[in-house]
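Breakdown of the fold
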Amino acid sequence: MTQQRVYFNSRDKLIRLDIQKIVYFEGDGNYTYIVTANKQKVCVTLNLSHTEEALAKQLGSNANQFMRIGKRFIVNMNYIYQIDIQKQTLMLSDCDHFLFQIPVSKEALKAVKELVIQTKI
């Protein structure tokens with residue numbers, strides 16, 4: 001099994017990440033935080049739209065494992081654990097080492113739920 005990696009420039013650093021270790025991206029203005037499975041949070045100097053474009057460019061068809069959810073998040077679909085529309089939360093977990101809970105609008109969660117049901121991710 002080969003690892004596929006993505007590369008991001010962050011001011012004076014080059015960051016190389018295995019896509020299987022990326023749990024989600026969180027946009028914050030002109031910056032994006034990349035949260036990994038070992039709970040690291042790395043900041044890159046790209047807004048979320050540019051991050052989304054970089055993923056598509058570097059990963060090609062494998063970029064579809066990442067989904068933009070609302071204005072703030074891009075999540076790794078492989079880590080979706082629970083969608084709670086009432087509480088407006090999305091739980092991301094590997095069911096072993098980590099569990100992240102992120103706030104997402106009801107409309108966005110309904111779209112995620114529908115996509116997960118359709119594609120059986």
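The present account deals with the structure reproduced in this document. Predicted model, so just to flag it, every value in this text is computed and none were measured. (Residues numbered from 1 in each chain as written. Predicted model: local features only at pLDDT ≥ 70, side-chain atom pairs only at ≥ 80, totals over all residues. Heavy atoms only, no water.)

1. Remarks on the nonpolar core
To keep it simple, the criterion reads: What is meant by a nonpolar core is a set of buried Ala, Val, Leu, Ile, Met, Phe, Trp, Tyr and Cys residues, joined one to another through side-chain atoms within 4.5 Å. Exposure classes here rest on a 1.4 Å probe applied to the protein chains alone. A residue is buried below 20% of its type maximum, exposed above 50%, and partly exposed in between. Strands here mean DSSP runs of E at least two residues long; helices mean DSSP runs of H or I at least four residues long; both are numbered from the N terminus. Contact between two residues is taken to exist if any of their heavy atoms lie within 4.5 Å; hydrogens are not considered.
Of all hydrophobic cores here, the largest spans 21 residues; its most connected members are Y24, L90 and L92. When residues in this core are grouped by element, the largest group, three residues, is from helix α2 (residues 106–119). Sequence-distant contacts of Y24, that is, excluding residues within four places in its chain, are made with Y33, I34, V35, F73, I74, V75, L92, F100 and I102. Ranked by size, the runner-up nonpolar core spans 17 residues in total, among them V6, I15, I34 and A63.

2. Some points on the packing of aromatic side chains
For the record, the criterion: Aromatic pairing here means that ring centres of Phe, Tyr or Trp (its six-membered ring) are within 6.5 Å. Orientation follows from the plane angle: under 30 degrees is stacked, over 60 is edge-to-face, and everything else is tilted. We count a charge as sitting over a ring when the NZ of a lysine or the CZ of an arginine lies within 6 Å of the ring centre and within 35 degrees of the ring normal.
Taken as a whole and assessed by the stated rule, the structure comprises six aromatic pairs. Considering the side-chain rings of F25 and F66, the 5.7 Å spacing of their centres and the 70° angle between planes classify their relative orientation as edge-to-face. Note that F25 is positioned in strand β3 (residues 22–28) and F66 in strand β6 (residues 66–69), a separation of 41 residues in sequence. On the accessibility criterion, F25 (0% relative accessible area) is buried. Look at F66 and you get buried, because its relative accessible area is 8%. Here Y79 and F98 contribute two aromatic rings whose centre-to-centre distance is 5.3 Å and whose plane-to-plane angle is 70°, an arrangement assigned as edge-to-face. Within this pair, whereas Y79 is found in the loop between β7 (73–76) and β8 (80–84), its partner F98 is found in the loop between β9 (89–93) and β10 (99–103), the two being separated by 19 residues in sequence. Aromatic rings pair up to connect Y24, F73, Y79, F98 and F100 into one cluster. K41 extends its terminal NZ or CZ atom over the ring of Y33, reaching a point 5.2 Å from the ring centre.

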